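Below are the chains, spelled out letter by letter.
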Amino acid sequence: MIARDKILILGSGISGIGVAKLAQKKGLNVSLSDSKNIKSETKKILSELGVRYEESGHTENLIEDSNEIVISPGIDLKSLIKSKPSLQNKNVISEIEFASRYTNAFIIAVTGTNGKTTTSKLIYHILKNSGFNVGLAGNIGYSFSRSVSENQFDYYVLEVSSFQLDHILNFRPDISVITNITPDHLDRYDHKLENYINAKFNIISNQKSSDYLIYSGDCTNTKNKINDLNSQVFTIPFFTGNNKNPKNNYLVKLKNKIKLSINNKENMIDISKTSLIGLHNVKNSMAAIAVSEILNISNKKIIESLKTFQNVPHRLEHFLTIHKVKYVNDSKATNVNAAYFALDSMNSPTVWIAGGVDKGNDYSKLLPIVREKVKAIICLGIDNTKLLETFKPISEIIVETESIDEAVKIASKIAEKKDNVLLSPACSSFDLFESYEDRGNQFKQAVRNL
């Protein structure tokens, strides 16, 4: 048994503070260390909790004196070990691993490159609407640790990222969902897709035959990995493509209905009146329907919930129309695959605003959809070299800017009646913005200022 009385938290963000609250509640000896300055409001919280903290660097003594270290997902352990080699011999865990020790709730964990936020929120909405005592946490809103410290839920829906799954030991969801896997965050995974896929599949590393994995049967990376596994987990694929002859447990899209067979029970769900648009959201809905079926939620409640669900902000958010030009905020599209789905959902000529911090993206995969849908590209970022190299040969209009206001003004001049102006960056936001939320909010304000 690992001694856990001396806990060191690395990082003072949402997950770090959540761990501090839960650790303090459980009577653990807890300290926190941040390589940067800690915000004044965060210092106040730590002081009120009685948690010792340090900022502007991690001291070796504090690391060596700790029995266990909880690392925030934004910190790259491999890079940190280079300057703090003592970490190599320490038990380093993620925040979701830490929190899972202190709850007996039924856990539904959702990961994937795209769609995990929408899928998590949709599952939560269906369960909540069906009378379940359920919480929503993880890589969305509250941290898992904070929620466990403040609530007593019977069920949890957790959105979990690859970074959070990198450092689990015993974390075991009752139901896992992998929405899809396409190249993303490769800068954290030695620019190897295989490493990123392995991180995602950590979600099932502790699952047993009594547990479930729901995954996209349309996703080649996910299918290939599952075929190579020895896991005993009960698998349920969902298909929107041409695979109409799946085996015993599956979901298949048939026009506006979802046919499913799980545990020898067949069902049909009408999705014709769902509030979500686009094929990617059909896939998100199928994952949520599979979870609902496992939990014996009625068709009536599933269909009712699909109709009333409100999609997340900054994800294909059609928020304003000016002079018959539709402005769409898809700031959450931080990778190529997400941008592809956004462009694919556009039904009229589109002025596309893209760019930011490149994460090893392969933009060539977007060439066919850009040729088909895009009339102009506005590159919004400090370094737009790769975007320009990829799209200049096929785009008649391609411009650069480092200002969201200028990007919107240029887009408004190019766009004609019935066109779309789409912010779908395919990159992270940290060159010009604090977060994708900040980027999306500034985009919406710039549009309002037109």
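Not measured: the values here are computed from a predicted model.

Cut-offs and rules
Residues numbered from 1 in each chain as written. Predicted model: local features only at pLDDT ≥ 70, side-chain atom pairs only at ≥ 80, totals over all residues. Heavy atoms only, no water. Helix = DSSP H or I, 4+ residues; strand = E, 2+ residues; numbered from the N terminus. Rg over C-alpha atoms; globule rule 2.2 N^0.38 Å. Buried < 20%, exposed > 50% of the residue type's maximum accessible area, 1.4 Å probe, protein only. Contact = heavy atoms within 4.5 Å. Core = buried A, V, L, I, M, F, W, Y, C linked by side-chain atoms within 4.5 Å. Pairing = 2+ DSSP bridges. Phe/Tyr/Trp six-rings, centres within 6.5 Å; stacked < 30°, edge-to-face > 60°. Lys NZ or Arg CZ within 6 Å of the ring centre and 35° of its normal. Salt bridge = Lys/Arg side-chain N within 4 Å of Asp/Glu carboxyl O. Axes fitted to C-alpha atoms, helices over the stretch in contact; angles between N-to-C directions. 1 Å grid on protein atoms, 1.4 Å probe; cavity = no way out; pocket = protein on both sides within 12 Å on 5 of 7 lines; lining within 4 Å. Points joined across faces, edges and corners; volume = space filled by probe spheres on them. Nonpolar A, V, L, I, M, F, W, Y, C, P; charged D, E, K, R; others polar. Expected span 1.5 Å × (residues − 1). Arc of directions from axis to C-beta. Right-handed = clockwise from strand over helix to strand, strands pointing away. Parallel < 35°, antiparallel > 145°, perpendicular 65-115°, else oblique.

Asks: Quick question: what am I supposed to make of the overall build of the protein chain here?
Replies: Counting its secondary structure elements, the protein chain contains 17 helices and 20 strands. Relative to a compact globule of 450 residues, whose C-alpha radius of gyration would be 22 Å, the protein chain shows 23 Å and is just as compact. Structurally, the protein chain occupies a C-alpha span of about 65 × 55 × 40 Å along its principal axes. When the 450 residues of the protein chain are sorted by exposure, 55% land in the buried category. Here the contacts in the protein chain between residues at least 6 apart in sequence split such that 65% fall between residues at least 24 apart.

Asks: Explain the nonpolar core here, please?
Replies: Within soluble globular proteins, side chains that are nonpolar tend to cluster in buried spots. Counting 47 residues, the largest nonpolar core has Phe98, Phe144, Leu158 and Phe171 as its most contacted members. Among the elements that take part in this core, helix α1 (residues 14-25) stands out by supplying five residues, more than any other. Excluding residues that lie within four positions of it along the chain, Phe171 makes contacts with Ile96, Glu97, Ser100, Ile107, Ala109, Phe144, Leu158, Leu165 and Asn206. If you look at the next biggest cluster of nonpolar residues, it comprises 35 residues, including Ile236, Phe238, Ile262 and Ala288.

Asks: Can you help me understand unusual backbone geometry in this one?
Replies: Most peptide bonds adopt trans geometry, and most residues besides glycine take a negative phi value. At Asp190, a residue that is not glycine, the phi angle is positive and equals roughly 55 degrees. Position of Asp190 among the secondary structure elements: in the loop between β9 (175-178) and α9 (193-201). Phi angles above zero are rare outside glycine, and His323 is one such case at about 50 degrees. Mapping His323 onto the fold places it in the loop between β15 (317-322) and β16 (325-329). Taking the relative accessible area as the measure of exposure, His323 reaches 69% and is therefore exposed.

Asks: Can you help me understand the pairing of β16 in this one?
Replies: In the case of a regular strand, side chains alternate between the two sheet surfaces. Within β16, four of the five residues are buried, which leaves the element mostly enclosed by the surrounding structure. Joining the antiparallel neighbours β15 and β16 is a turn of two residues, in which His323 adopts a positive phi near 50 degrees. As defined by bridge partners, β16 adjoins strand β20 (residues 420-423) across four bridges and the pair is classed as parallel. Bridging from a neighbouring strand, Tyr327 pairs with Val421 of β20.

Asks: Looking at this model, I keep getting lost on the packing of aromatic side chains. Mind explaining?
Replies: Two measures describe an aromatic ring pair: the distance that separates the ring centres and the angle between the ring planes. Within this structure, the stated rule accounts for twelve aromatic pairs. Counting every residue linked through ring pairs, the aromatic cluster contains Phe106, Phe132 and Tyr155. Sitting above the plane of the Phe163 ring, Arg188 keeps its charged end 3.7 Å from the centroid.

Asks: I'm lost on the pattern of salt bridges in this one. Help?
Replies: Where charged atoms from two side chains of opposite charge approach closely, those side chains can pair. Counted by the stated rule, this structure contains 17 salt bridges. Its salt-bridge partner being Lys265, residue Glu293 comes within 3.5 Å of it at the nearest N-O pair. Of this pair, Glu293 sits in helix α11 (residues 279-294) while Lys265 sits in strand β14 (residues 265-270), placing them 28 residues apart in sequence. With a shortest N-O distance of 2.3 Å, Asp330 and Arg315 are connected by a salt bridge.

Asks: Can you help me understand the sheet that holds strand β5 (residues 92-94) in this one?
Replies: Backbone-to-backbone hydrogen bonds pair the strands of a sheet. The strands run either parallel or antiparallel. Taken together, five strands build an open sheet; the order of strands is β3-β2-β1-β4-β5 and the sheet is parallel. Looking along the sheet, the strands with just one partner apiece sit at the ends: β3 (52-54) and β5. Averaged over all pairs of adjacent strands, the angle between strand axes in this sheet comes to 25 degrees, irrespective of strand direction.

Asks: Whenever I open this one, the layout of surface pockets confuses me. Can you help?
Replies: Sizing a probe to match a water molecule and rolling it over the atoms shows the empty space that remains. The computed volume of the second largest pocket comes to approximately 630 Å³. Asn180, Thr182, Lys283, Asn337 and Phe341 are the residues nearest the centre of the second largest pocket, which is lined by 32 residues in total. Counting residues per element, the ones that place at least two in the lining of the second largest pocket are α10 (220-227), α11 and α13 (336-344). Broken down by class, the residue content of the lining of the second largest pocket amounts to nine nonpolar, 15 polar and eight charged.

Asks: What's the story with helix α17 (residues 436-448) in this structure? I'm lost.
Replies: An α-helix turns once per 3.6 residues; consequently, residues spaced three or four apart project the same way. End to end, α17 covers 18 Å across 13 residues, agreeing with the expected 18 Å (1.5 Å per residue, within 8%). All of the buried residues along α17 are Arg439, Gly440, Phe443, Lys444, Ala446 and Val447. Buried residues of α17, seen end-on, are gathered within an arc of 160 degrees and therefore sit on one face of the element. Buried positions along α17 lie against β15, β16, β17 (350-354), α16 (404-414) and β20.

Asks: Teacher, can you tell me more about the pairing of strand β18 (residues 374-380) here?
Replies: Buried residues dominate β18, accounting for six of its seven residues. As judged from the five bridges shared by β17 and β18, these two strands associate in the parallel manner. When the bridges of β18 are listed, Trp352 appears paired with Ile377. Pairing between β18 and strand β19 (residues 398-401): four bridges, direction parallel. Bridge pairing links Cys379 to Glu400 in β19. In this fold, β18 hands off to helix α15 (residues 385-391), which returns the chain to β19; that crossover is right-handed.

Asks: It is not clear to me how the packing of α1 against helix α2 (residues 40-49) should be interpreted in this structure. Could you clarify?
Replies: Each pair of packed helices gets described by two things: the angle between the helix axes and the distance between those axes. Taken N-terminus to C-terminus, the directions of α1 and α2 make an angle of 10 degrees; their axes are 10 Å apart at the nearest point. On the basis of their axis angle, the class for α1 and α2 is roughly parallel. Across the interface between the two elements, Ile17, Ala20, Lys21 and Gln24 of α1 pack against Thr42, Ile45, Leu46 and Leu49 of α2. Partitioned by chemical class, the residues of the contact of α1 with α2 number five nonpolar, two polar and one charged.

Asks: What exactly am I supposed to notice about the environment of Gln152 here?
Replies: Summarising the element assignment, Gln152 is placed in the loop between α7 (144-150) and β8 (155-159). Given the relative accessible area of 70%, Gln152 is considered exposed. As for Gln152 and Asp190, which are separated by 38 residues in sequence, their C-alpha atoms are 40 Å apart.

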